[in-house]
Amino acid sequence: MHRPFRAGLVAAGLLTTLSGCSPEPEAAAPVEAEGYGQTQQGERAYDPGAGWSLSWQDDFTGTSLNTGAWNVLTSNWDPLLNNCNFGTGELEFPRAQNVTVGNGKLVITAERTGDNPTDSHCPGNYRSFYSGRIHTKGKVEGRYGKIVASIKIPPGYGMWPAFWTLGANVQSAGWPGAGEIDILEWKSTEPTWMKSALHWYNGGNADWGTGASRGVDLSQDFHTYEVEWTANSMVFRLDKDFVSTATFNHNETEFQQNHYLILNLALGGVWYGNPAPASIDLPFGARKTMEVEWVRWYQPGGSQSLGLTNAGFESGMTGWNTWSPNGTAAAAFSETYNGGHSGSFHLTHWTSAAAYEAWTYQTKTGLASGNYKLRAWFRKGGTFDFARFQVKTCGDCAAAITNLGTYGNYTLLETPAVNVTNGYLEFGLHSKSPAHNGSNFIHMDDVELIKL
């Protein structure tokens, strides 16, 4: 979504840097789709298939957006990337009143305006439309799995609905260094096609694109749009059974880290060749809507919680606390340094001046009853009284502990499983060192909570 491109399809397994603006899949024979666009849509049923467990979902119940999961953008300036009009020349100004929840749906509404809104960061960039844009950065972030949404997109020239992800380290890595997964992009000139794309950095902007066609105008009904993302491949699907024309086989680091979700309804911009606002099919007084029934994130086997705050430490110590029994935590100042397992940063425990003990932790509430464990990546050197990766079900409870060894390279570790009955977990890194030693260090990154 950030920078769409136009290119021929890439054969499965071939990674090629492409130029231009958007994937142009080969034409496909129309597919019979009896009933589409002819009846009132109930909730679109979806079965992820055997071996998948639901990790996180939003069914948009109630009358307001779940701000525990979503952030609402209220500007044509992107504070995460510090750019105007999202780097794509879009014609809309996102605002909160154009994002509503009701009747079991999220509704993002676009409308023409004569107010000429723009952000103070973007002088002269007056926008011709209001619309909406939401994302889950810092609230729902995860890696791999099956990401799916049931969406009805709006018809008409200039409509650019999108369901996509960005790497959680985007503020430090920038674009395209953080990586981008475009699950759904649509435009009126190719109404039967779900367009999908990937963007990353490989000595410059690298792009890959594919798509899937159902043989019917997708704007006439709800459809499910998904990506199945593993450590070495991505497959995009429309309505589950319509598979994209190519599979992305990869090993890019941008797609080995946590990403967050984005839903937005853009208008015009580079996707349509930068048309004039007057040409957009949205007259004064009319409204176009992008409706979303649900968003779901599945993981293979066990269910992985995606609600950890700042799990990769790309936002400093946001979401994390540090406790010491004797005020010595400052001696083991817990901060982030360059050189993370993924992204640019990680947590560090080290002895800066004197003996210390420190417990850097995060808490999670409202968990379903069941068994859980933690995973994280570690490097460690030097001698400590103890160094523990641990999880516990209350502040005074005994912890389930994995004692850290010495790891020259990042190594994935897990805690033992704990049983949650009260919905609460407290987890993180607990270490103690007897004296200052410059060779003593522990690095922790990419923390994940797993439900078994």
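See the structure printed just above.
Computed from a predicted structure; not experimentally measured.

The rules behind these values
- Residues numbered from 1 in each chain as written.
- Predicted model: local features only at pLDDT ≥ 70, side-chain atom pairs only at ≥ 80, totals over all residues.
- Heavy atoms only, no water.
- Helix = DSSP H or I, 4+ residues; strand = E, 2+ residues; numbered from the N terminus.
- Buried < 20%, exposed > 50% of the residue type's maximum accessible area, 1.4 Å probe, protein only.
- Contact = heavy atoms within 4.5 Å.
- Areas by Shrake-Rupley, 256 points an atom, 1.4 Å probe, with all protein chains shown as cover.
- Pairing = 2+ DSSP bridges.
- Axes fitted to C-alpha atoms, helices over the stretch in contact; angles between N-to-C directions.
- Polar contact = N/O pair within 3.5 Å; in protein donor to acceptor, adjacent residues only side chain to side chain.
- Core = buried A, V, L, I, M, F, W, Y, C linked by side-chain atoms within 4.5 Å.
- 1 Å grid on protein atoms, 1.4 Å probe; cavity = no way out; pocket = protein on both sides within 12 Å on 5 of 7 lines; lining within 4 Å.
- Points joined across faces, edges and corners; volume = space filled by probe spheres on them.
- Nonpolar A, V, L, I, M, F, W, Y, C, P; charged D, E, K, R; others polar.
- Disulfide = S-S within 2.5 Å.
- Phe/Tyr/Trp six-rings, centres within 6.5 Å; stacked < 30°, edge-to-face > 60°.

A.B. asks: An account of the overall build of the chain is needed here, citing residue identities and associated values.
C.D. replies: Check the secondary structure of the chain and you find one helix and 33 strands. Residues classed as buried in the chain amount to 58% of the 452 residues present. Put simply, of all contacts in the chain between residues at least 6 apart along the chain, 75% involve residues at least 24 apart. Total accessible area on the chain stands at roughly 16,900 Å², and carbon and sulfur atoms take up 48% of it.

A.B. asks: Talk me through the sheet that holds strand β29 (residues 400–403); I want residue IDs and the actual numbers.
C.D. replies: Reading across the sheet, the five strands line up as β23-β26-β32-β28-β29 and stay open at both edges, with antiparallel pairing between neighbours. The open sheet is flanked by β23 (321–323) and β29, the only strands paired with a single partner. Here the strands of the sheet are splayed against their neighbours by 20° on average, with no regard to which way each runs. Two elements, β23 and strand β26 (residues 356–364), share three bridges in a ladder whose sense is antiparallel. The residue bridging Thr322 from the neighbouring strand is Thr360, located in β26.

A.B. asks: So, the environment of Glu448: which residues are in play, and what are the values?
C.D. replies: Following the sequence through the fold, Glu448 ends up in strand β33 (residues 441–451). Glu448 gets classed as buried once you look at its relative accessible area, which sits at 7%. Once the C-alpha coordinates of Glu448 and Trp377 are considered, the two residues, 71 residues apart in sequence, prove to be 9.5 Å apart. Polar contacts involving the side chain of Glu448 include one to the side chain of Arg143, which spans 2.8 Å.

A.B. asks: Can you explain unusual backbone geometry? Please cite residues and give values.
C.D. replies: A cis amide bond links Trp175 to the next residue, Pro176, at an omega of 10°. For Pro176, the position within the fold is in the loop between α1 (170–173) and β13 (180–185). Of note, Phe60 is a non-glycine position whose phi angle comes to about 55°, a positive value. Inspection of the secondary structure puts Phe60 in the loop between β1 (52–58) and β2 (71–72). Phi is positive for Tyr144, which is not a glycine, with a value near 65°. With respect to the helices and strands, Tyr144 occurs in the loop between β10 (141–142) and β11 (145–152).

A.B. asks: So, the side chain of Arg143: which residues are in play, and what are the values?
C.D. replies: If you trace the backbone, Arg143 turns up in the loop between β10 and β11. Residue class for Arg143 comes out buried when judged on its relative accessible area of 7%.

A.B. asks: With reference to specific residues and values, describe the nonpolar core.
C.D. replies: In globular proteins that are soluble, nonpolar side chains generally tend to be buried together. Core analysis: the biggest nonpolar cluster contains 55 residues, and Leu106, Ile151, Leu263 and Val295 have the highest contact counts within it. Considering each element in turn, this core owes the most residues, five residues, to strand β20 (residues 259–267). Aside from chain neighbours lying at most four places away, what touches Leu263 is Trp70, Leu106, Ile108, Gly132, Arg133, Ile134, Ile151, Ala162, Phe163, Met290, Val292 and Val295. Among the nonpolar cores identified, the runner-up in size contains 30 residues, and Leu308, Ala329, Phe384 and Val420 belong to it.

A.B. asks: Run through empty space enclosed by the protein, naming residues and quoting values.
C.D. replies: Applying the stated criterion across every chain yields a total of two cavities of 30 Å³ or more. Roughly 80 Å³ of volume is contained in the largest cavity. Lining of the largest cavity is provided by Leu73, Asp78, Leu80, Arg133, His135, Leu166, Tyr260 and Ile262. Of the residues contributing to the lining of the largest cavity, the split by class is five nonpolar, one polar and two charged.

A.B. asks: Pulling in residues and values, what's your account of the pairing of strand β16 (residues 223–229)?
C.D. replies: Among the seven residues that make up β16, six are buried, leaving the element largely enclosed by the rest of the structure. Both β11 and β16 contribute to a ladder of seven bridges, which runs antiparallel. The residue of β16 that forms the bridge with Ser150 is Thr224. In terms of strand pairing, β16 meets strand β17 (residues 233–238) through five bridges, oriented antiparallel. In the strand pairing of β17, Trp229 is matched with Met234. Hairpin connection, β16 to β17: the antiparallel pair is bridged by three residues.

A.B. asks: I'd like a description of the state of the cysteines, backed by residues and values.
C.D. replies: Each disulfide consists of a covalent bond between the sulfur atoms of two cysteine residues. Under the definition given, this model contains two disulfides. The disulfide bridge from Cys84 ends at Cys122, spanning 2.0 Å between sulfur atoms. Between Cys84 and Cys122, the S-S torsion sits near -95°, and that sign places the bridge as left-handed. Of this pair, Cys84 sits in strand β4 (residues 83–84) while Cys122 sits in the loop between β7 (105–112) and β8 (129–131), and the two are 38 residues apart along the sequence. A relative accessible area of 26% places Cys84 in the partly exposed class. On the accessibility criterion, Cys122 (1% relative accessible area) is buried. Two residues share a disulfide in this structure: Cys394 and Cys397, whose sulfurs sit 1.8 Å from each other. Here the S-S torsion is close to 105°, and the disulfide linking Cys394 with Cys397 is therefore right-handed. Exposure remark for Cys394: the relative accessible area of 25% places this residue in the partly exposed category. Sequence-ordered numbering of the bonded cysteines in the chain gives a disulfide pattern of 1-2, 3-4.

A.B. asks: I'd like a rundown of the packing of aromatic side chains, residues and numbers included.
C.D. replies: The way to describe two aromatic rings as a pair is by their centre distance and the angle between their planes. Under the defined criterion, the tally for this structure stands at 17 aromatic pairs. The interplanar angle of 55° and the centroid separation of 5.3 Å between the aromatic rings of Trp200 and Phe248 together place this pair among those described as tilted. Of the two residues, Trp200 is situated in strand β14 (residues 193–201) and Phe248 in strand β19 (residues 248–249); the sequence distance between them amounts to 48 residues. Take Trp200 and Phe248: they sit in the same class, and that class is buried.

Read these as geometric descriptors, not functional statements.
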